[in-house]
Structure formats: C-alpha cells, structure tokens
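Summary of the model geometry
One letter stands for each residue in the lines below.
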Amino acid sequence: MRILITGASRGIGKALVKHYIQAGHEVWAGCRHPDLSNHQTSANLHLLELDVTDAKMIETVAADFQFSLDLIINNAGVAGGREHSFGELDYSAWQEAFVVNTLAPVRIAEAFLHHLAKSGQGKFVTLSSQMASMNLPGSGAYGYRSTKAAVNKVMQLLTDDLKKYSIACLTLHPGWVRTDMGGSRADISVEQSVSGMAQVIENLDLPTTGSFRTWEGELHPW
C-alpha cells in the first residue's frame, strides 16, 4: 500500500510510520519539520513537509504529489488548552485545535481526493477520541473534546461524499496511550495502540464504512 500519515514526527504518528514501513508498505510521513534522524532509515519512507494548519501548503503538496494513495491517516492533533478549566479557558489554543483537529482532515480529504480515488479501494481514517463522545460523561478539556466531536461529524459527512469514489471512512479512538499528550499513567503503550488500529484499518471496507471504533475494533458510541 501507499500511505500518507499526518502528524508523523512523534508519538502515535511516528509509531504508525514505523509499523507500516516494517510491514513493507510505502509511507509518506507528513511533518511540520521533517527530520530523517527521527525515523528508521528505509527506501519506503518519504518525509513530507506538511503543516496541516497551512491550507495553501496542503494544496501545494497535493498538487505536486505524483502517486496514487491507498490509505490516508489523519493523525495530527493538538490538545487545545486541555489543561485549562472553565473560567481559565485558552481560546487561542481552542481555535488552533479547531484548525488542526477538525478542519485539517477535511482539507486533506479535498486536496488528496483523486490520489485516493485512484486506488479503487481507498481508505480515509481519522484519529478521534472517546473524550469526544456525546454518550460518555466528562468534564473540562473544552477545546479538545469539542473539536474532536466536530471531526466525528465531519467523518460522518465525508462517509457519504467519499463512498461514490469507492473510499471507505473510519473514525478511530486510539485508546488512552502513553505519549506526551496521554501521559505516563495511560492504559496502553503506543505499540499496542498502533498494532490494534492497524488491524481495524485492514478490516475496513465499503460495507463497514462510516463507523467509529476503538483501537480494539469495538464500535464506539458517537
């Protein structure tokens, strides 16, 4: 497969790149500041300067991209001032989170649509969070929760629009993962999360398009 992964410089994104490279796939690792020393050396790895907050850059990169794609994983994400509680909210961080967490996947979908459509069985995946679920209680993290909830709706809408191009959509909760964002007390390792998500992605097809699932493949309430 030919795969594009955003937010690939660290954490889950970096681990996704490693997983798919080791599995023999060709990967374009989208990073704001590409650094080859940050990844294992491989002829199948292509570093791509891609800042998902920059709409013009997304358009330019897509216009210059000469290959078809089988899979796009929207991994890039920010916390959106998650540590600030009501009364002390960081609205600038919230706005940035909306651009990265919600708008960027749509921009990627529009810009790389025809690259993915050429596959004939393309897959468009976005990492969300259980913290975005309308069916689960929670408090705080206004920016993170709301922008991930918004991208859940975005993915529902994209499911219908991309189906006509034989592109299947999937929204994934990666679990509570031990990363810089998840913290050291999180439930699972990056490797566990990535291995599980890769299996869920492998099972994705048009008959199952449009679902929100956990890294273990279970349906997650929206």
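The structure displayed is predicted, hence computed values, not measured ones. (Residues numbered from 1 in each chain as written. Predicted model: local features only at pLDDT ≥ 70, side-chain atom pairs only at ≥ 80, totals over all residues. Heavy atoms only, no water.)

**Concerning the sheet that holds strand β5 (residues 123-127)**
Definition in use: DSSP-based pairing: two strands are paired if at least 2 bridges between them are found. Helix and strand definitions follow DSSP, with helices as H or I runs of at least four residues and strands as E runs of at least two, each counted in order from the N terminus. Lines fitted to C-alpha atoms define the axes, with helix axes restricted to the stretch in contact, and inter-axis angles between N-to-C directions lie between 0 and 180 degrees. Contacts between residues were defined by any pair of non-hydrogen atoms, one from each residue, lying within 4.5 Å.
Reading across from one edge, β3-β2-β1-β4-β5-β6-β7 is the order of the seven strands in this open sheet, with parallel pairing throughout. At either margin of the open sheet sits one strand with a lone partner, and together these are β3 (45-49) and β7 (211-214). Adjacent strand axes in the sheet meet at a mean angle of 20°, parallel and antiparallel pairs treated alike. Set on the sheet, helix α1 (residues 11-22) makes contact with β1 (2-5), β2 (26-31), β3, β4 (71-74) and β5; between it and β1 the angle comes to about 170°.

**Focus: the pattern of salt bridges**
Pairing between side chains becomes possible if they bear opposite charge and their charged atoms approach one another. Short version of the rule: The working definition used for a salt bridge is a side-chain nitrogen of Lys or Arg within 4 Å of a carboxyl oxygen of Asp or Glu. Throughout this description, buried means an accessible area under 20% of the type-specific maximum (1.4 Å probe, protein chains only), exposed means over 50%, and partly exposed covers the range between.
Following the criterion strictly, the structure yields two salt bridges and no others. Residue R2 is joined to E26 by a salt bridge in which the shortest nitrogen-to-oxygen separation is 3.6 Å. Of this pair, R2 sits in strand β1 while E26 sits in strand β2, and the two are 24 residues apart along the sequence. In this structure R2 comes out as partly exposed when scored by relative accessible area, which is 29%. For K164, the salt bridge goes to D161, with nearest N and O atoms at 3.9 Å. Assessed through its relative accessible area of 60%, K164 is described here as exposed. Under the relative-accessibility criterion, D161 is labelled partly exposed at 42%.

**Things to note about unusual backbone geometry**
Notably, A141 is not glycine yet its phi reads approximately 50°, a positive angle. Tracing the chain through its elements places A141 in the loop between β5 and α5 (142-163). Phi at S166 takes a positive value of approximately 60°, unusual for a residue other than glycine. Within the fold, S166 resides in the loop between α5 and β6 (168-173).

**Details of the pairing of β5**
Note the threshold: By convention, orient the strands away from the viewer: a clockwise path from the first strand over the helix to the second makes the crossover right-handed.
With five of five residues buried, β5 is to be regarded as a mostly interior element. Burial of β5 is two-sided: the residues K123, V125 and L127 facing one way and the residues F124 and T126 facing the other way are all buried. Pairing of β4 with β5, which is carried by four bridges, proceeds in the parallel orientation. Following the sheet pairing, I73 is matched in β5 by V125. Pairing between β5 and β6: five bridges, direction parallel. Bridge pairing in β6 places K123 opposite A168. The handedness of the β5 to β6 crossover, carried by α5, is right-handed.

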